[in-house]
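Chain by chain, the residues:
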Amino acid sequence: MSTISILRTVSYTIIIGLLAACSGCGADNPDSSDPTDSGSSELPLRGDDKFGAEVNPTGDPIGGGEGYRSLIIASDYQVTTRGELLAALDSAQSGQVIYVADTTRIDLSGLQNVVIPGGVTLASGRGREGSLGGLIYSTELETIPLFVTGGPGVRVTGLRLQGPDPERRTEQMRQLYAEGRYYSIPNSRGIQTTHPNLEVDNCELSAWSHAAIYLATGSTGHIHHNFIHHNQRQGLGYGVVLNQSEGLIEANLFDWCRHHIAGTGRPGTSYEARYNLVLANANSHSFDMHGGADRDDGTDIAGTKIWIHHNTFEATSVRAIVIRGRPEQMAEIYNNWFLHLTPDRAIRQTNATGNMRNYKNQYSTNRIPRD
């Protein structure tokens, strides 16, 4: 996967250039009150006078890697082979750490539903002294999912988790869809949970044809400081998916996904996305919430609560945010930096109106300086 290797090398240069070089640029189109608001004027406005991912108050670099501070030092299991990893997962108890050696490559091809026990941390050292982190991968197209949580409180940190298919397969999938055979090519997911308090941080997750991370019904997750890319199969291809679950998604670096964040829109599906940097490569809109029309369930419901703020969107060939119905409570979109020049090019609500406000955003190819 030469494109993935090249992208890994240049991404941190892109971040540094973007976050450091914009403070003196001229303004194109500041906009503090967008004409596409469709929410209640009775609710107070959120936000501040800062725009985009460069706000990043977390103290750790967007996308993780070099400079990330919450690295695992001590561990209960050190693994370097497939057999050692599976044995450790079978034995580990809540509160214990399984550490994948930083230079290790572990092939889990042919396996699915590998359980990470509740309360267990699966770790490696991405960013420590230039380490890319241990690599766990599968080359089997039908890997859905590779890992599942066995209980609450699982953490996956500092690893590279690589799936079997980084390609879009655009024409192939369109043809199969027309023939009613779309799912004749199997799909893959990286991590799936039905439990509370999944944490995925400082990882590189790529090449999962359905989703790198799937938060299923009843789960919650904190997805932060990851580099998530090349999850882009035509018609699917998600970085993070939420289905009747809740997630905080922050300080991630996204590129080459069909939708970086997607929600099924079923009641109870909610997320907050903040301090994320979306790079330029895309084949559909970046952040998403499906509506009832997508599910054909006779409603126009598009999730419950959505907050999207202080993100930077470079992918101007597609919209940044599409809410495909009416949220049960509210979608609030504010203090983002869109390189799109106008609100209608950046944000759209389809199939319904209401319970959505976008305001205090910046639409400009250049950073608008603030005192």
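Just so you know, these numbers come straight off a predicted model, no measurement behind them.

**Thoughts on the overall build of the protein**
Then, in step 1: In terms of regular secondary structure, the protein is built from 5 helices and 30 strands.
Then, in step 2: Going through the 371 residues of the protein one by one, you find that 57% of them count as buried.
Then, in step 3: For the protein, restricting intrachain contacts to residue pairs at least 6 apart in sequence, the fraction spanning at least 24 positions comes to 77%.
Then, in step 4: Accessible surface for the protein amounts to roughly 14400 Å². Of this, 48% is attributable to carbon and sulfur atoms.

**What about the side chain of His 229?**
Then, in step 1: Tracing the backbone shows His 229 in strand S16 (residues 227–231).
Then, in step 2: Among the polar contacts made by the side chain of His 229, one reaches the side chain of Glu 204 at a distance of 2.7 Å.
Then, in step 3: Among the polar contacts listed, one links the side chain of His 229 to the side chain of His 230, at a separation of 3.0 Å.

**Concerning the nonpolar core**
Then, in step 1: Counting 56 residues, the largest nonpolar core has Ile 136, Phe 147, Tyr 271 and Phe 287 as its most contacted members.
Then, in step 2: With residues near it in sequence (within four places) discarded, Tyr 271 still touches Leu 242, Gly 247, Ile 249, Ile 261, Phe 287, Asp 288, Met 289, Lys 305, Ile 306, Trp 307 and Ile 308.

**Digging into the pattern of salt bridges**
Then, in step 1: Under the counting rule described, the total for this entry stands at 14 salt bridges.
Then, in step 2: In this structure, Arg 233 and Asp 165 form a salt bridge, with 2.7 Å as the shortest nitrogen-oxygen distance. Of this pair, Arg 233 sits in the loop between S16 and strand S17 (238–242) while Asp 165 sits in the loop between strand S10 (160–162) and helix H3 (170–178); the two residues are 68 residues apart in sequence, bridging distant segments of the chain. With respect to class, Arg 233 is no different from Asp 165; both count as buried.
Then, in step 3: Among the ionic pairs, Glu 179 bridges to Arg 181, the shortest N-O distance being 2.6 Å.
Then, in step 4: Overlapping salt bridges, with partners in common, bring together Arg 155, Glu 199 and Asp 201 in one network.

**A short note on the confidence of the model for the protein**
Then, in step 1: For the protein, the mean per-residue pLDDT works out to 90, and 88% of the residues sit at or above 70.
Then, in step 2: Per-residue pLDDT stays below 50 along residues 1–35; that stretch engages in 71 contacts with residues further than four places along the chain or on separate chains.

**Regarding the layout of surface pockets**
Then, in step 1: As a volume, the largest pocket reaches approximately 590 Å³.
Then, in step 2: The wall of the largest pocket is formed by 24 residues, among which Tyr 183, Gly 235, Leu 236, Tyr 238 and His 290 lie closest to the centre.
Then, in step 3: Secondary-structure elements contributing two or more residues to the lining of the largest pocket are H3, S17, strand S20 (259–263) and helix H4 (292–295).
Then, in step 4: Of the residues that constitute the lining of the largest pocket, the class distribution is 9 nonpolar, 7 polar and 8 charged.

**What about the pairing of strand S3 (residues 97–100)?**
Then, in step 1: The side-chain alternation of S3 yields two buried faces, one formed by Val 97 and Tyr 99 and the other by Ile 98 and Val 100.
Then, in step 2: With respect to chirality, the unit in which strand S2 (residues 77–79) leads through helix H2 (residues 82–91) into the neighbouring parallel S3 is right-handed.
Then, in step 3: Bridge count between S3 and strand S6 (residues 121–123): 3 bridges; the pairing is parallel. Note on S6: the bridge partner recorded for Val 97 is Thr 121.

**Some details on the pairing of S16**
Then, in step 1: Along S16, 5 of the 5 residues are buried, which leaves the element largely enclosed by surrounding structure.
Then, in step 2: Summarising the sheet, strand S13 (residues 204–206) and S16 pair through 3 bridges and their orientation is parallel. Following the sheet pairing, Glu 204 is matched in S16 by Phe 227.
Then, in step 3: Pairing of S16 with strand S19 (residues 253–257) involves 4 bridges; the strand directions are parallel. Note on S19: the bridge partner recorded for Phe 227 is Leu 253.

**A look at the environment of Thr 312**
Then, in step 1: Mapped onto the elements of the fold, Thr 312 is located in strand S25 (residues 312–313).
Then, in step 2: Classification of Thr 312 as buried rests on a relative accessible area of 1%.
Then, in step 3: Sequence separation between Thr 312 and Gly 52 is 260 residues; the distance between their C-alpha atoms is 4.6 Å.

**Concerning unusual backbone geometry**
Then, in step 1: Omega for the peptide link from Ile 144 to Pro 145 comes to 0°, which places this bond in the cis form.
Then, in step 2: With respect to the helices and strands, Pro 145 occurs in the loop between strand S7 (135–137) and strand S8 (147–149).
Then, in step 3: Phi at Glu 129 is positive, roughly 50°, even though this residue is not glycine.
Then, in step 4: With respect to the secondary-structure elements, Glu 129 resides in the loop between S6 and S7.
Then, in step 5: Residue class for Glu 129 comes out exposed when judged on its relative accessible area of 83%.
Then, in step 6: You will see that Ala 207, though not glycine, has its phi angle at about 70°, which is positive.

Scoring rules and cut-offs
- Residues numbered from 1 in each chain as written.
- Predicted model: local features only at pLDDT ≥ 70, side-chain atom pairs only at ≥ 80, totals over all residues.
- Heavy atoms only, no water.
- Helix = DSSP H or I, 4+ residues; strand = E, 2+ residues; numbered from the N terminus.
- Buried < 20%, exposed > 50% of the residue type's maximum accessible area, 1.4 Å probe, protein only.
- Contact = heavy atoms within 4.5 Å.
- Areas by Shrake-Rupley, 256 points an atom, 1.4 Å probe, with all protein chains shown as cover.
- Polar contact = N/O pair within 3.5 Å; in protein donor to acceptor, adjacent residues only side chain to side chain.
- Core = buried A, V, L, I, M, F, W, Y, C linked by side-chain atoms within 4.5 Å.
- Salt bridge = Lys/Arg side-chain N within 4 Å of Asp/Glu carboxyl O.
- pLDDT = per-residue confidence, 0-100.
- 1 Å grid on protein atoms, 1.4 Å probe; cavity = no way out; pocket = protein on both sides within 12 Å on 5 of 7 lines; lining within 4 Å.
- Points joined across faces, edges and corners; volume = space filled by probe spheres on them.
- Nonpolar A, V, L, I, M, F, W, Y, C, P; charged D, E, K, R; others polar.
- Right-handed = clockwise from strand over helix to strand, strands pointing away.
- Pairing = 2+ DSSP bridges.

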